[in-house]
Amino acid sequence: MRMGLLLIASPPLAHAGWWSSSSKDVSALPTVAHDQVAPVRLDWEGITCELKLKTKEGSKNLLSQVTGHAEPGRLLAILGPSGSGKTTLLNVLAGQVPASSALTLHGRLYVNGQLVSHSSLPSSSSSSSSSEHTQAYVRQQDIFYSQLTVRETLLMAARLRLPSSLDLEQKTALVDSLLKRLGLAKAADTIVGDDKIRGISGGEKKRLSLACELLGSPSLIFADEPTSGLDSYQSFRVLENLKDLASKGGHTVIISIHQPRSSIFTMFDDVVLMTEGEVVYTGEAKAMVPYFAALGYPCPKNFNPAEHVLDLVSIDYTTVESEIASRTRVHALLSSHRASLPSLLTSIQSHRKERVATAKEGGQEGKGLIAHPRPPGKLEQFRLLFTRSWRQITRSTGANVARAASNVFSALVFGALFYQMGRGQSSIQDRMGLLQVAAINAAMSSLIKTITVFIKERLIVTRERSSGKGSTYGPGPYFISKLAAELPVTALFPCLFGGIMYPLAGLQMTPQKFLKFLGILIVESYAAAGFGMFVGTLVPSVDAGLAVAPAVMVLFIVLGGYYVNEKSVPLALRWIQDVSLIKYAFEALCINEFQGLEFTAEKRIGPGPPVTHNGEQVLQRLNFHESTVTRAVIRQGALAGVSYLLTYLMLAWKKPMFQRVLSPEEAAEAKEKKEKKEKKEKKRRWGRKKALGGSGQGTGVPVVNVPSTVRAVGL
């Protein structure tokens, strides 16, 4: 980063700052360099995270009896080699551990001396009954809408999250102040970009992530490896900003970091050093080197202290001897820390009691906790989210031009191949082939585009909802606004394709037939987009979506009525035909084209197939004679509607869920219930085995009582 981070977020609501002001005077906004936030001290005791494995080991402790604390105005760094559990600990403290039945998480978390009894700590700008402080969680991966500028991204976050008592002018002034203080002013009107579109740098993206989180004036700031993927200079600037947040803004800042350079290490106030899920050292950063020196491991002169301690707690798997030696060293270091745990626990509990007593005496038990601002109304949410989606779609010039060029090229190729088809007998097969490829082209063009775009966008929305940035809007306004922005653009490309190909191929040139042709392709494009969205809610990545969706589309094409006659499809597979968007599009296109069409009989030499005189005979051969264009389009539209509905339901159902932190008492009770259940199940199986006469082992094999005389003969 190019300059230190200067906090400009508002003071707490309880302090009667500008949050509660309804004045429209922009000068009323805070312009001081660092506004102090409500101080929050975070304590954790005996945090244990166990993961069930489907191996002989049975389970693995990701965290084991981790105890520590983080204080306001200080920067705490969680260090450790890969797999040490530092990110897991950070996620536990931030309440960001994804829910899983294979995980067991228990321990005690305290915020300002109050036990956090709910499932997790609140996300940014969120509140809970037991702890109403705000917190920010800056993820390792920075994902944004690529076509929005830095200013637009930050202003959109402000308009969705800040109280409605602030008008647009005040929110804009706040955004401008943030841009200046975070060193983003020069890049304010540059698009964010992504891995394919050039935009701002990695360091600027990290600062933008931090800026979005600072809008909620968080007391607690968590950052997962904030220097990952950045060069040494940008890494230093990011940490310099985080240090300023702690020392000058009064925030409690907790980060996980893999291997900091020496200049970054000097910024740390406190350190938690971990290995294999356990803590080796916790305390002030400046006391860490003397601590290990006293244990017989002094840091060499002019050597990075962080690298020195990471070498001490890492396991060397090079040889058997080196592994044994390193494990012996790590075991000794862990034993030394365990011996100091009672005094550490006593100190933490003493500070916690003093803080609670001080708060009660001052009558400020809840002072400084920021109430959750009332989100904008549904209509305002829709308007803002529609604006964001519309800008993202219309500004994707490269993608739109490429898609348009692809449709124009396909239209020209198909138009040239089927140029001015006549009314002869051979034109019947040509027409069916052209209508089939037209249906496939419209569907695949819409499907591939939707898969590649929607899955990336879904990841952004999921991240916003899990971190709290999207907590002011739900899946309803988001999805409706996306459809409203997508549908007009989606309709343009099949119109472009049909407008070129239709006259070149010489299909029935009447206005009614032509408009119906375009309408059928448009509805099919909507159905394909809906199908792509639904697949996008089921798969984890774009690559997975591009593997699943085309494979299903192949089935739709084969059973679309061109390659296999409708009545020839086996009963077991007819349900696929009933949901095939290709089938209904091909059916509607054929009815539209062949109805009222007359064919000429050609001269033959020798016997041949019967002559087809009109289009009705073709439709009867395809088993489309009982249908109509309207009926086929309605069914196509129904498929689109069902796909959109399923997509919305999946988005609403897949709301991010996080692992509940059980207290030790709750964990013991849950373990006891589990053991009772397993004992009961074991007893049930034993009773079943006994009922079978001890034979068959419950496999369903009947027990046959063989007479002893038969057994004697060896049968």
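Our structure is the block above this text.
Residues numbered from 1 in each chain as written. Predicted model: local features only at pLDDT ≥ 70, side-chain atom pairs only at ≥ 80, totals over all residues. Heavy atoms only, no water.

Asks: Would you take a moment to explain the sheet that holds strand E2 (residues 59-70) for this structure?
Replies: Taken together, the 4 strands give an open sheet; going across it, the order is E2-E1-E4-E5, and neighbouring strands pair in antiparallel fashion. Pairing within the sheet leaves two strands with one partner each, and these edge strands are E2 and strand E5 (114-115). Judged from the 2 bridges that link them, strand E4 (residues 103-111) and E5 form a sheet pairing that is antiparallel. Bridged to Tyr-110 within E5 is Leu-115. (Pairing = 2+ DSSP bridges. Helix = DSSP H or I, 4+ residues; strand = E, 2+ residues; numbered from the N terminus.)

Asks: Is there a simple way to think about the sheet that holds strand E9 (residues 270-275) in this case?
Replies: Backbone-to-backbone hydrogen bonds pair the strands of a sheet. The strands run either parallel or antiparallel. An order of E6-E7-E8-E3-E9-E10 is seen for the 6 strands of this open sheet, with the pairing classed as mixed. Looking at strand neighbours, the two that pair on one side only are strand E6 (135-138) and strand E10 (278-284), the edges of this open sheet. Taken pair by pair, the neighbouring strands of this sheet meet at an average axis angle of 15°, ignoring direction. Relative to strand E8 (residues 252-256), strand E3 (residues 75-79) runs parallel, the two being bridged by 4 bridges. What sits directly across from Ile-78, in E8, is Ser-256. Sheet strands touched by helix H4 (residues 202-214): E6 and strand E7 (220-224). Its angle to E6, the strand with the most contacts, is close to 160°. (Axes fitted to C-alpha atoms, helices over the stretch in contact; angles between N-to-C directions. Contact = heavy atoms within 4.5 Å.)

Asks: Is there a simple way to explain the nonpolar core in this structure?
Replies: Nonpolar side chains tend to gather and get buried jointly when the protein is soluble and globular. In this structure, Ile-255, Phe-268 and Leu-273 are the most contacted members of the largest nonpolar core, which totals 61 residues. The leading source of residues in this core is helix H5 (residues 232-247), at 6 residues. Sequence-distant contacts of Ile-255, defined by excluding residues within four places in its chain, comprise Leu-75, Leu-76, Ala-77, Ile-78, Leu-90, Ala-223, Pro-226, Leu-239, Leu-242 and Phe-268. Judged by nonpolar contacts, the second largest core, of 41 residues, contains Ile-460, Phe-479, Ile-576 and Tyr-584. (Core = buried A, V, L, I, M, F, W, Y, C linked by side-chain atoms within 4.5 Å. Buried < 20%, exposed > 50% of the residue type's maximum accessible area, 1.4 Å probe, protein only.)

Asks: Any chance you could explain the side chain of Lys-86 here in plain terms?
Replies: Tracing the chain through its elements places Lys-86 in helix H1 (residues 86-94). The side chain of Lys-86 is buried and forms no salt bridge, while Glu-225, the nearest opposite charge, is found at 4.4 Å. From its side chain, Lys-86 meets the backbone oxygen of Pro-81 in a polar contact 3.3 Å long. Apart from residues lying up to four places away in sequence, Lys-86 is in contact with Ile-78, Leu-79, Gly-80, Pro-81, Glu-225, Ser-256, Ile-257, His-258 and Met-274. (Lys, Arg positive; Asp, Glu negative; His and termini not counted. Salt bridge = Lys/Arg side-chain N within 4 Å of Asp/Glu carboxyl O. Polar contact = N/O pair within 3.5 Å; in protein donor to acceptor, adjacent residues only side chain to side chain.)

Asks: Would you mind going over unusual backbone geometry with me for this structure?
Replies: Peptide bonds are mostly trans, and most non-glycine residues show a negative phi. Of note, Asn-112 is a non-glycine position whose phi angle comes to about 50°, a positive value. Tracing the sequence through the fold places Asn-112 in the loop between E4 and E5. With a phi close to 45°, Glu-225 is a non-glycine residue in the positive phi region. Mapped onto the elements of the fold, Glu-225 is located in the loop between E7 and H5.

Asks: Explain the pairing of E3 to me, please; I cannot follow it from the model alone.
Replies: On any regular strand, side chains alternate: one points to one face of the sheet, the next to the other face. With 5 of 5 residues buried, E3 is to be regarded as a mostly interior element. Where E3 and E9 come together, 4 bridges link them in parallel fashion. Considered in E9, the bridge of Ala-77 is made with Val-271.

Asks: Would you take a moment to explain the packing of aromatic side chains for this structure?
Replies: Each aromatic ring pair is characterised by the separation of its centres together with the angle its planes make. According to the stated counting rule, one finds 15 aromatic pairs in the structure shown. On the numbers, 6.3 Å between centres and 50° between planes, the contact of Phe-594 with Phe-599 is tilted. This pair shows no difference in class: Phe-594 is buried, exactly as Phe-599 is. Through successive ring pairs, a cluster of aromatic residues spans Tyr-562, Tyr-563, Phe-586 and Phe-624. (Phe/Tyr/Trp six-rings, centres within 6.5 Å; stacked < 30°, edge-to-face > 60°.)

Asks: Honestly, the pattern of salt bridges in this entry has me stumped. Any pointers?
Replies: Oppositely charged side chains can form a pair if their charged atoms are brought close together. Within this structure, the stated rule accounts for 25 salt bridges. With a shortest N-O distance of 3.4 Å, Glu-276 and Arg-327 are connected by a salt bridge. One end of the pair, Glu-276, is in the loop between E9 and E10; the other, Arg-327, is in helix H9 (residues 320-361), and 51 residues separate them in sequence. On the basis of relative accessible area, Glu-276 is assigned to the partly exposed category, the value being 41%. On the accessibility criterion, Arg-327 (34% relative accessible area) is partly exposed. With a shortest N-O distance of 2.6 Å, Lys-449 and Glu-486 are connected by a salt bridge. Of this pair, Lys-449 sits in helix H12 (residues 426-467) while Glu-486 sits in helix H13 (residues 475-505); the two residues are 37 residues apart in sequence, bridging distant segments of the chain. A single salt-bridge network, built from bridges that share partners, covers Lys-449, Glu-457, Lys-482 and Glu-486.

Asks: Sorry if this is basic, but what is going on with the side chain of Thr-490 here?
Replies: For Thr-490, the location among the structural elements is in helix H13. In this structure, Thr-490 is in contact with Arg-403, Ser-446, Ser-525 and Tyr-526, ignoring residues within four places of it in sequence.

Asks: How should I be thinking about the pairing of E10 in this particular structure?
Replies: Within E10, 5 of the 7 residues are buried, which leaves it mostly tucked inside the rest of the structure. By the bridge criterion, 6 bridges tie E9 to E10 in an arrangement that is antiparallel. Each bridged residue has a counterpart across the sheet, and for Asp-270 the counterpart in E10 is Glu-284. The turn joining E9 and E10, which pair antiparallel and follow one another in sequence, is formed by 2 residues; a positive phi near 50° is taken by Glu-276.

Asks: Teacher, can you tell me more about the environment of Ala-211 here?
Replies: Relative to the assigned elements, Ala-211 resides in helix H4. Not counting residues up to four positions away in its chain, the partners in contact with Ala-211 are Leu-154, Leu-178 and Leu-182.

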